[in-house]
Amino acid sequence: MGEPKDQPFKPLSNRDFDFFYEGLAQSRLLVQQCGECGAMRCPPGPACPECHSFSWSPRPLSGTGVIYSYTVHHHPALAGFETPLPVALVEMDESIRMVGPMDGTDPTRIRIGAKIDTRFIDRNGVAGYRFVLTDGARP
Ligand SMILES: [Zn+2]
């Protein structure tokens, strides 16, 4: 049995999250948008936190935004990721915050307020995404 980082990354699968991973497989970053009041929500959930409606549809995001906050994960090892692993909370251009990995980016280059873009990747055979810096520097 290998280290956890060598094992396949298996995303959570349930009726709230499946649309998100299906979107990644089509290179689309999706959030839920309420069918009643229009509020967006992320992470996914069964009901709108604003109006409690169960009606929703997937809404694609542009994939661009700015880093609102971030942390660097060191331990424990995570399947499909190298450590240290920067993880960012991004204020997306659509005014919704989303958490995402920034694997491949030097943590010392990450700054709050830095612009990011989204890259769709294959992570050990599973469609995934990562945020990358776009402030004139290459990840
Ligand atoms: Zn609502």
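Residues numbered from 1 in each chain as written. Predicted model: local features only at pLDDT ≥ 70, side-chain atom pairs only at ≥ 80, totals over all residues. Heavy atoms only, no water.

### A few points about the coordination of the zinc ion
Phase 1: Protein coordination of the zinc ion is provided by Cys34 (SG), Cys37 (SG), Cys48 (SG) and Cys51 (SG), with donor distances spanning 2.3 to 2.4 Å.
Phase 2: One way to put it: the 4 donor atoms around the zinc ion meet at angles of 99 to 117 degrees, and that makes the site tetrahedral.
Phase 3: In primary-sequence terms, the residues that donate to the zinc ion follow C-x2-C-x10-C-x2-C. Of the two residues, Cys34 sits in strand 1 (residues 30-34) while Cys48 sits in the loop between strand 2 (40-41) and strand 3 (56-60), which places them 14 residues apart along the sequence. For the pair formed by Cys34 and Cys48, the shared burial category is buried. (Donors = N, O, S within 2.8 Å, 3.2 Å for Na, K, Ca; no water. Tetrahedral: all angles 85-135°; square planar, octahedral: opposite > 155°, others 65-115°. Helix = DSSP H or I, 4+ residues; strand = E, 2+ residues; numbered from the N terminus. Buried < 20%, exposed > 50% of the residue type's maximum accessible area, 1.4 Å probe, protein only.)

### Some words on the layout of surface pockets
To find leftover empty space, one rolls a probe the size of a water molecule over the atoms.
Phase 1: Reported here for the largest pocket is a volume of approximately 490 Å³.
Phase 2: Lining of the largest pocket is provided by 26 residues; of these, Phe20, Tyr21, Val99, Pro101 and Tyr129 occupy positions nearest its centre.
Phase 3: Of the residues forming the lining of the largest pocket, the biggest block, 5 residues, is contributed by strand 6 (residues 97-101).
Phase 4: Here the lining of the largest pocket spans two domains, and each of domain 1 (11-60) and domain 2 (62-139) adds at least three residues to it. (1 Å grid on protein atoms, 1.4 Å probe; cavity = no way out; pocket = protein on both sides within 12 Å on 5 of 7 lines; lining within 4 Å. Points joined across faces, edges and corners; volume = space filled by probe spheres on them. Domains from an automatic or database assignment.)

### Some remarks on the UniProt feature "domain: ChsH2 C-terminal OB-fold" (unreviewed entry) in the chain
Phase 1: In the numbering adopted here, UniProt assigns the feature "domain: ChsH2 C-terminal OB-fold" (unreviewed entry) to residues 59-119.
Phase 2: Annotated as residues 59-119, this span is 0% helix and 48% strand, and its ends, taken at the C-alpha atoms, are 18 Å apart. (UniProt positions renumbered as here; feature names shortened; annotations may be inferred.)

### Side note on the nonpolar core
Phase 1: Judged by nonpolar contacts, the single largest core of 20 residues is most densely connected at Leu29, Ile67, Met92, Met98, Met102 and Phe131.
Phase 2: Broken down by secondary-structure element, the contributors of at least two residues to this core are helix 1 (18-25), strand 1, strand 5 (85-92) and strand 8 (126-133).
Phase 3: Among the domains, domain 1 (11-60) and domain 2 (62-139) are the pair contributing at least three residues each to this core.
Phase 4: Leaving out residues up to four positions away in the same chain, Leu29 has contacts with Phe20, Leu24, Arg59, Pro60, Leu61, Gly63, Met92, Met98, Thr118, Phe120, Tyr129 and Phe131. (Core = buried A, V, L, I, M, F, W, Y, C linked by side-chain atoms within 4.5 Å. Contact = heavy atoms within 4.5 Å.)

### A look at the domain arrangement of the chain
Phase 1: For the chain, the assigned domains are domain 1 (11-60) and domain 2 (62-139).
Phase 2: Taking only C-alpha atoms, the centre of domain 1 and the centre of domain 2 are 20 Å apart.
Phase 3: Each side of the interface is counted separately: domain 1 has 14 residues, and domain 2 has 14 residues.
Phase 4: When the area that domain 1 buries against domain 2 is broken down by residue, the three leading residues are Leu24, Leu29 and Met40, summing to 48%.
Phase 5: Between domain 1 and domain 2 we count 0 salt bridges in total. (Buried area = accessible area lost by both parts, 1.4 Å probe. Salt bridge = Lys/Arg side-chain N within 4 Å of Asp/Glu carboxyl O.)

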